[in-house]
Amino acid sequence: MGNQTADGCNWKLIGELKMDKKLLLKMAKNPNNIPGVYNYCDRWCERCQFTSRCLNFQMGEEMAEGKEINDMNNEEFWKHMENIFKLTHEMLNDMAEKQGIDLSQIEWTEADKAREREIEDSAQNHQCAVASKEYYQIVDSWFNTNEELFKEKEVELNEQLLLGLPSTDPKKEAVTVKDAIEVITFYLHFIHVKIMRALHGKTEDRYEMPDEFPKDSDGSAKIALIAADRSISAWGKLLKQLPKSEDEILEILVLLERLRNMTEKEFPDARKFVRPGFDE
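All values derive from a computational prediction rather than experimental measurement. (Residues numbered from 1 in each chain as written. Predicted model: local features only at pLDDT ≥ 70, side-chain atom pairs only at ≥ 80, totals over all residues. Heavy atoms only, no water.)

A. Seen up close, a nonpolar patch on the surface. Taken together, the side chains of Leu92, Ile101, Leu103 and Ile106 present a nonpolar region at the surface, about 350 Å² in accessible area. Position of Ile106 relative to the elements: it lies in the loop between helix H4 (75–98) and helix H5 (110–124). Judged by relative accessible area, Ile106 falls into the exposed class, the value being 54%. (Patch = residues over 30% accessible without salt bridge, like charges linked within 9 Å, V, L, I, M, F, W, Y side chains within 5 Å. Areas by Shrake-Rupley, 256 points an atom, 1.4 Å probe, with all protein chains shown as cover. Salt bridge = Lys/Arg side-chain N within 4 Å of Asp/Glu carboxyl O. Helix = DSSP H or I, 4+ residues; strand = E, 2+ residues; numbered from the N terminus. Buried < 20%, exposed > 50% of the residue type's maximum accessible area, 1.4 Å probe, protein only.)

B. Representation of the side chain of Asp218 in the model. Among the structural elements, Asp218 can be located in helix H10 (residues 216–241). One buried charged side chain, Asp218, makes no salt bridge at all; its nearest oppositely charged neighbour is Lys215, positioned 5.7 Å away. Those residues in contact with Asp218 that sit more than four places away from it in its chain are Phe267, Asp269, Ala270 and Phe273. (Lys, Arg positive; Asp, Glu negative; His and termini not counted. Contact = heavy atoms within 4.5 Å.)

C. Representation of the packing of H5 against helix H9 (residues 190–205) in the model. At a minimum axis separation of 9 Å, H5 and H9 run at an interaxial angle of 135°. As judged from the angle between their axes, H5 and H9 are oblique. Between H5 and H9 the crossing geometry is right-handed. Contact residues: Ile119, Glu120, Ser122, Ala123 and Gln124 in H5; Met196, Leu199, His200, Thr203 and Glu204 in H9. The class makeup of the residues in the contact of H5 with H9 is 4 nonpolar, 4 polar and 2 charged. (Axes fitted to C-alpha atoms, helices over the stretch in contact; angles between N-to-C directions. Parallel < 35°, antiparallel > 145°, perpendicular 65-115°, else oblique. Left-handed = near helix turned anticlockwise from the far one by under 90°. Nonpolar A, V, L, I, M, F, W, Y, C, P; charged D, E, K, R; others polar.)

D. Examining the packing of aromatic side chains more closely. Taken as a whole and judged by the stated rule, the model has 11 aromatic pairs. Taking 5.3 Å as the distance between ring centres and 70° as the angle between the ring planes, the aromatic pair formed by Trp142 and Trp235 counts as edge-to-face. In this pair, Trp142 is assigned in helix H6 (residues 127–145) and Trp235 in helix H10, connecting sequence segments 93 residues apart. Trp142 gets classed as buried once you look at its relative accessible area, which sits at 4%. (Phe/Tyr/Trp six-rings, centres within 6.5 Å; stacked < 30°, edge-to-face > 60°.)

Treat this as a map of the structure, not an account of what it does.
Given below as structure tokens:
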């Protein structure tokens, strides 16, 4: 029973059947799941309240039982990826057929290629992309050059624990530092990736007919902003715990705050975007 989901689908069995299409579609129709909840989440499943209602999580959880599937150096990983690509291609063809679209007749023109280059160049050179890249590079370097700082903090907290001073709570401080580091490192590259997606989407919108639907670019920008909010909060906690690095941490906070402001200006409707499940 441990491999079954609420609708009775067994994902271990699906893996053995090379991701059977009918079983996948059956699981996708589970009424308990929130449609699209995984599109604008932060991918931090361990801290998410909606894993029991997320198709993406359910798939990954069941497939993760086989370690070979998650090891890029293992043949089973690549067999598994091949099965997923094959299934995706089959489902795409089915959808196109229902819409009366012949995918074999779609040509990638020079104009299409030029448009893609324009979209990529526009995103890469945008001030939000430049700032988010600068942020993760600076923070990567900061962690790499401050290993001794964290060792000193560990020694300090252990000494406080041994002394048992009533005015200190070293265990709580240790948890605070650990959690702050986890938040910062988890969102470190995530912010840049989501901002790039948002910028790509905004440029692509120029080529599309306007409609009343919420923009994917705003959804991507919103989760990037949420990640920035949480990172700023985490840096604030580290600032209190690591006074020796006050100047460096303040510089990082200024950069991150500037990035957040630029993103809000570029995507003024991002904060209003309603994410399935999270904001409803």
